[in-house]
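One letter stands for each residue in the lines below.
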Amino acid sequence: MDTARELSDRLATLLRRERSALAEFLVALAGFDARRAWAELGYASLFHYLHRELGLSKGSAQYRKVAAELIQAVPAVVEPLRDGRLCFTTIIEVARVVTAENWAAVLPRFYGLSRHEAAEVVAALAPHPAPPVRTVLTAVPRAPAGSTVELNVPAVMSGSTVEPVAPAPGSSRSAALTPLTADLQRLHVTVSERFRRKLERLRDLRPDLSDDALLEAAVDLLLAKAEKRKGALTERPRASVRPSRDPRHIPAHVRREVWERDRGCCQWRLANGEICGSTHALQLDHVVPRARGGEPTAGNLRVLCAAHNLEAARRVFGDALIDAYAPGRRVGSS
Ligand SMILES: [Zn+2]
């Protein structure tokens, strides 16, 4: 029978191999990204490629994407990753502060650190001028379908209470507010699993907005609707809707038809024959462009994500023209 020492030596060998294989993978991935090989396969970004083609979870894909980009900017991170001085789980924190200029001084500060310790180093190197805006999802015991969302919101919002369509089990109407600073408060609200899924979907559709901005926009919509209903009795009747003369106008029923047909996701064909399927920053694309006489009909329209809409335009008009209109915007740059 093997001794404990022999078993341990075997584990140490396997661990060395694991780190070495990861470093090798990341170097190859950096090269793959540098020549934008993912775009040749039809993907909108390296992240998308890792998630869809290699089947990595979104979290794993994000880590590897950040690492591949960091390796291109600072090749010196490869060796510490390979020999274990730098833990792979700290890579996102490392990428926030380490640059081609400062790596010799800054990189060693991360050696041997956990992810949490690395975040503390980043906070010390680049402190936040204000309390960080944060969202925390906590499972609520005894209410299996519920979660608590914690948000820092501007004080101007604190007059509102937010309620899901139907109250979640065990939830109350009032959300607790904790003052943080003069103009920031933390909102604690118990929400259903259904609400969490809707929030996820909204985050996908509007990655440009923080959670508190999303929530405020939703509150604004509800406020406008309630106020409109209040004022509707006294309002003058609206002028009848006439068809638009603007050739760029896409009638609402056409939008709806295309959206339903394409099931609200990007229809771009990948090299492997599947469709992109992204729900991120969706746009309606004219298959035959408007500039070439393409009509705003359901047959000539399709749903594309922003990255693939840009790629479609590049294929029709060429890089030179698109760069003149959207300089620096390449597929996957977002
Ligand atoms: Zn797409």
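Residues numbered from 1 in each chain as written. Predicted model: local features only at pLDDT ≥ 70, side-chain atom pairs only at ≥ 80, totals over all residues. Heavy atoms only, no water.

An unreviewed UniProt entry annotates the protein as HNH endonuclease of Anaeromyxobacter dehalogenans.

A short note on the coordination of the zinc ion
Spelled out, the test is: For Na, K and Ca the donor cut-off is 3.2 Å, and for all other metals it is 2.8 Å, counting N, O and S atoms only; because water is absent from this set, sites may look incomplete. By the criteria applied here, four donors are tetrahedral when all angles lie between 85 and 135 degrees, four are square planar and six octahedral when opposite donors are over 155 degrees apart and every other angle lies between 65 and 115, and any other arrangement is irregular. Note on classification: 1.4 Å probe, protein chains only; a residue is buried when its accessible area is under 20% of the maximum for its type, exposed when over 50%, partly exposed between these limits.
Protein coordination at the zinc ion: the donors are Cys266 (SG), Cys276 (SG), Cys305 (SG) and His308 (ND1), at 2.1 to 2.4 Å from the metal. Coordination at the zinc ion comes from four donor atoms whose angles at the metal span 101 to 127°, giving a geometry best classed as tetrahedral. Here the donor residues for the zinc ion map to a single chain with the spacing C-x9-C-x28-C-x2-H. His308 matches Cys305 in its accessibility class, with the two residues each being buried.

Here's the deal with the packing of helix 1 (residues 4-34) against helix 4 (residues 58-73)
Keep this limit in mind: In this analysis, axes come from line fits to C-alpha atoms, helices being fitted only over the stretch in contact, and the angle between any two N-to-C directions falls in the range 0 to 180 degrees. Helix numbers and strand numbers start at the N terminus; a helix is a DSSP run of H or I with at least 4 residues, a strand a run of E with at least 2. Roughly parallel means an angle under 35 degrees; roughly antiparallel, over 145; roughly perpendicular, 65 to 115; everything else is oblique. Residues are treated as being in contact if the distance between any of their heavy atoms lies within 4.5 Å.
Helix 4 packs onto helix 1 with a crossing angle of 75° between their chain directions and a minimal axis gap of 8 Å. Comparing the axis directions of helix 1 and helix 4 gives the class roughly perpendicular. In this structure, helix 1 contributes Leu22, Phe25, Leu26, Val27, Leu29, Ala30, Asp33 and Ala34 to the contact, and helix 4 contributes Arg64, Ala67, Ala68, Glu69, Ile71 and Gln72.

Regarding unusual backbone geometry
The general pattern is negative phi for most residues beyond glycine and trans for most peptide bonds. In the Ramachandran plot, Arg36 falls in the positive-phi region, its phi being about 50° despite a non-glycine side chain. Following the sequence through the fold, Arg36 ends up in the loop between helix 1 and helix 2 (37-40). Located in the positive-phi region is Ala281, a residue other than glycine, with phi close to 50°. Here Ala281 shows up in the loop between helix 11 (252-261) and strand 5 (282-286).

Considering the packing of aromatic side chains
Definition in use: Side-chain rings of Phe, Tyr and Trp, where Trp is taken by its six-membered ring, are said to pair if the distance between their centres is within 6.5 Å; with planes under 30 degrees apart they count as stacked, over 60 as edge-to-face, and otherwise as tilted.
Enumeration according to the criterion identifies three aromatic pairs in this entry. With a centroid separation of 4.6 Å and an interplanar angle of 35°, the aromatic rings of Phe32 and Tyr49 are classed as tilted. Remark: Tyr49 occurs in helix 3 (residues 46-52) and Phe32 occurs in helix 1; sequence separation between them is 17 residues. A residue is classified by how much of its surface remains accessible, and Tyr49, at 10% relative accessible area, is buried. Ring geometry for Tyr63 and Phe88: centres 5.8 Å apart, planes at 50°, overall tilted. With Tyr63 in helix 4 and Phe88 in the loop between helix 5 (78-83) and helix 6 (91-97), this residue pair connects regions lying 25 residues apart in the sequence. The class for Tyr63 is buried, based on a relative accessible area of 15%. Given the relative accessible area of 15%, Phe88 is considered buried. Members of the aromatic cluster, connected to one another through ring pairs, are Phe32, Tyr43 and Tyr49.

Structural notes on the state of the cysteines
Keep this limit in mind: Disulfide assignment relies on a single distance test, namely cysteine sulfur atoms paired within 2.5 Å.
Under the definition given, this model contains zero disulfides. Lacking any disulfide linkage, Cys265 is separated from the closest cysteine sulfur, that of Cys266, by 7.5 Å. By relative accessible area, which is 13% here, Cys265 ends up buried.

A short note on the pattern of salt bridges
Where side chains of opposite charge bring their charged atoms close, a pairing between them can arise. Note the cut-off: Each salt bridge in this description consists of a side-chain nitrogen of Lys or Arg and a carboxyl oxygen of Asp or Glu lying within 4 Å of one another.
Scanning all chains against the criterion turns up 14 salt bridges. One salt bridge connects Glu274 with Arg52, and the closest N-O pair in it is separated by 2.9 Å. Here Arg52 lies in helix 3 and Glu274 lies in the loop between helix 11 and strand 5, a separation of 222 residues in the sequence. The network of salt bridges with shared partners includes Arg196, Glu200, Arg203 and Asp211.

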